[in-house]
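This is what each chain is made of:
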Amino acid sequence: MVKIVYCITKKPGMSEDEFHRYWKQTHGPIAARIPGLRRYVQSHTHPSSAKMWRSSFDGAAEVWFDDMASLEAALGSPEIAAAMEDEKNFIDHSNVALFLTEEHVVVG
C-alpha cells in the first residue's frame, strides 16, 4: 500500500468556513471518483489549533493506493485531472507540501 500525504492551504481571501465546506462538500466527491483509490481522508484543522500552535497548513489529504502501478494509472486518468483542476477553486498552490509514503504502524 502506498499513500500520498498532501498538506494544503486555503486560497487568499477565502474564509475558513468556506474553505472547509468547499473541500468537504464539493471537492471530496470529485476526488472520490479517482480510479484505484482505496481510501481518501480529509484532515481539516480544528478551530482550537490556532490557540495551541501556529500551522502553515489548513488541512491534509491522505490518499491510498494498492501499489505504485495503481497510483501511476490513476495519475493518467481524467478523474484525477478533474480533481487537480478543481483544486484551483480552493487551494493556494504556493503553499502546499506533498509526499509519497509507506506506512509503518506503531500503535493501532
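Here the residue numbers are simple positions, counted from 1 along each chain's written sequence. Totals for whole chains, interfaces and linings use all residues, but because this is a predicted model, local features are given only for residues with pLDDT of at least 70 and pairs of side-chain atoms are given and counted only at 80 or more. By convention in this description, side-chain values take in all heavy atoms of the structure and omit both hydrogens and water.

Asker: Hey, could you run me through the pattern of salt bridges in this one?
Answerer: Proximity of charged atoms lets side chains of opposite charge pair with each other. Salt bridges are defined by distance alone: a side-chain nitrogen of Lys or Arg within 4 Å of a carboxyl oxygen of Asp or Glu. Taken as a whole and judged by the stated rule, the model has four salt bridges. A salt bridge links Asp66 to Arg38, with the shortest nitrogen-to-oxygen separation between them at 2.6 Å. Residue Asp66 is found in the loop between β3 (59-65) and α3 (68-75), and its partner Arg38 is found in strand β2 (residues 37-44); the two are separated by 28 residues along the sequence. The classification of residues rests on relative accessible area computed with a 1.4 Å probe and restricted to protein chains. Under 20% of the type maximum is buried, over 50% is exposed, and intermediate values are partly exposed. Owing to a relative accessible area of 54%, Arg38 belongs among the exposed residues under this scheme. A network of salt bridges, in which partner residues are shared, links Lys3, Glu62 and Glu103. By definition, any uninterrupted DSSP run of H or I lasting at least four residues is a helix, any uninterrupted run of E lasting at least two residues is a strand, and each is numbered from the N terminus.

Asker: So what exactly am I meant to see when it comes to the layout of surface pockets here?
Answerer: By rolling a water-sized probe across the atoms, one finds the places where empty space is left. Empty space within the largest pocket amounts to approximately 410 Å³. Only protein atoms enter the 1 Å grid used here, on which a cavity is any set of points holding a 1.4 Å probe that cannot leave and a pocket is any open set flanked by protein within 12 Å on both sides along at least five of seven lines; residues with an atom within 4 Å of a point are listed as lining. As for the largest pocket, its lining consists of 20 residues, of which Tyr6, Ile80, Met84, Glu87 and Leu98 are closest to the centre. Those elements giving two or more residues to the lining of the largest pocket turn out to be β1 (2-8), α1 (16-31), β2, β3, α3 and α4 (78-87). Counting residues per element, the lining of the largest pocket draws most heavily on α4, which supplies four residues. Throughout this entry, Asp, Glu, Lys and Arg are counted as charged residues, while Ala, Val, Leu, Ile, Met, Phe, Trp, Tyr, Cys and Pro are counted as nonpolar. The remaining residues, Gly among them, count as polar. Here the lining of the largest pocket is built from residues that sort into 18 nonpolar, one polar and one charged. Grid points are joined across faces, edges and corners, and a volume is the space filled by probe spheres set on the points.

Asker: When you look at the nonpolar core in this model, what are you seeing that I'm missing?
Answerer: The nonpolar side chains of a soluble globular protein tend to be buried, and buried together. Note on terminology: a nonpolar core comprises buried Ala, Val, Leu, Ile, Met, Phe, Trp, Tyr and Cys residues joined through side-chain atoms within 4.5 Å. Grouped together as the largest cluster of nonpolar side chains are twelve residues: Val2, Ile4, Ile30, Ala31, Ile34, Leu37, Val63, Phe65, Leu71, Ala74, Ile80 and Ala83. Contributions of two or more residues to this core are made by β1, α1, β3, α3 and α4. We call two residues contacting when some pair of their heavy atoms lies within 4.5 Å. With near-sequence residues (within four places) excluded, Ala74 lies in contact with Ile34, Pro35, Phe65 and Ile80. Grouped together as the second largest cluster of nonpolar side chains are nine residues, Ile8, Ala61, Phe90 and Ile91 included.

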